[in-house]
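Now for the letters of each chain:
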Amino acid sequence: MDVPGRLVVGRVLRPHGLRGELSVEVLSDASERFSPGVELGAGDPDGPGPLAPVTIQAARLHQGRLLLSLVGVEDRDAADRLRGTWLSIPVASARPLDPDEFWPHQLVGLAVVDRQGRQRGRVADVVPGAAHDLLAVELPGGTSALVPAVAALVTVELEAGRVLVDAVPGLLDPPDG
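A short note on the layout of surface pockets
Taken as a whole, the largest pocket holds about 1600 Å³ of empty space. Lining the largest pocket are 45 residues, and of these F102, W103, P104, V126 and D133 sit closest to its centre. Looking at the lining of the largest pocket, the element that brings in the most residues is strand β1 (residues 6–16), giving 5 residues. Class assignment for the residues of the lining of the largest pocket results in 28 nonpolar, 4 polar and 13 charged.

Here it is in structure tokens:
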């Protein structure tokens, strides 16, 4: 399992207004990540090129969306150049996790096994959700399923390299075709 050097905490969606504000999708549960003075890396944290350091000048909520002002981004054109940009932090800056919490990179690639011990697929991705994350499970035959990552359905056994999932009818069954 590869440990990334950086963790994504947000993604720039689009400019907001004319003065360089950015509408940002928050992908972190640590609100202090977006406080004035915080430096983030802008760009693809897994890409070949260096990240551009950006410093938060101001942050505010507007209609349920985070709006950021960054130092040096003063107009709509400058903000528009950041559209779609990932915002990340060094993994060493991440908060410690509780025993029942996991980073997405720890789950991707794990085997998905039902409680009866049958191999059902593997975790291909972790999809952030409004209420809870979803595990994108690659099933045999090239199909996939989304499994709610909730304790009632899923138990992560990181040391064993697997995720146990309750075999709820239809949840991990390939579609009929």
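Topic: the packing of aromatic side chains
Taken as a whole and assessed by the stated rule, the structure comprises 0 aromatic pairs. Here the guanidinium or amino end of R11 rests over the ring plane of W86, the centre of that ring lying 5.8 Å away.

Notes on the sheet that holds strand β10 (residues 144–148)
Pairing within the open sheet is mixed, and its 6 strands lie in the order β10-β9-β8-β7-β12-β11. The outermost strands of the open sheet, each flanked by one partner alone, are β10 and β11 (154–157). Strand after strand, the sheet turns through a mean of 35° between neighbouring axes, direction not considered. With 4 bridges joining them, strand β7 (residues 111–114) and strand β12 (residues 162–165) adopt parallel strand pairing.

Remarks on the side chain of T85
Mapping T85 onto the fold places it in the loop between α1 (76–80) and β6 (86–90). Polar side-chain contacts of T85 include one of 2.7 Å to the backbone oxygen of L82.

Let's talk about the sheet that holds strand β5 (residues 65–70)
Taken in spatial order, the 6 strands close into a barrel running β1-β2-β5-β4-β3-β6, and their pairing is antiparallel. Looking at each pair of strands side by side, their axes are set apart by 50° on average, direction ignored.

Quick notes on the nonpolar core
Among the nonpolar cores identified, the biggest contains 20 residues, and L22, F34, L40, L68, L70 and L87 are the most heavily contacted of them. Only β1, β2 (21–26), β3 (39–42), β4 (52–62), β5, α1 and β6 provide two or more residues apiece to this core. The contacts of L40, once residues within four sequence positions are left out, are R6, V9, R33, F34, A52, P53, V54, I56, L87, S88 and I89. Residues V112, V126, V163 and V165 belong to the second largest nonpolar core, which totals 16 residues.

Rules and cut-offs
Residues numbered from 1 in each chain as written. Predicted model: local features only at pLDDT ≥ 70, side-chain atom pairs only at ≥ 80, totals over all residues. Heavy atoms only, no water. 1 Å grid on protein atoms, 1.4 Å probe; cavity = no way out; pocket = protein on both sides within 12 Å on 5 of 7 lines; lining within 4 Å. Points joined across faces, edges and corners; volume = space filled by probe spheres on them. Helix = DSSP H or I, 4+ residues; strand = E, 2+ residues; numbered from the N terminus. Nonpolar A, V, L, I, M, F, W, Y, C, P; charged D, E, K, R; others polar. Phe/Tyr/Trp six-rings, centres within 6.5 Å; stacked < 30°, edge-to-face > 60°. Lys NZ or Arg CZ within 6 Å of the ring centre and 35° of its normal. Pairing = 2+ DSSP bridges. Axes fitted to C-alpha atoms, helices over the stretch in contact; angles between N-to-C directions. Polar contact = N/O pair within 3.5 Å; in protein donor to acceptor, adjacent residues only side chain to side chain. Core = buried A, V, L, I, M, F, W, Y, C linked by side-chain atoms within 4.5 Å. Buried < 20%, exposed > 50% of the residue type's maximum accessible area, 1.4 Å probe, protein only. Contact = heavy atoms within 4.5 Å.

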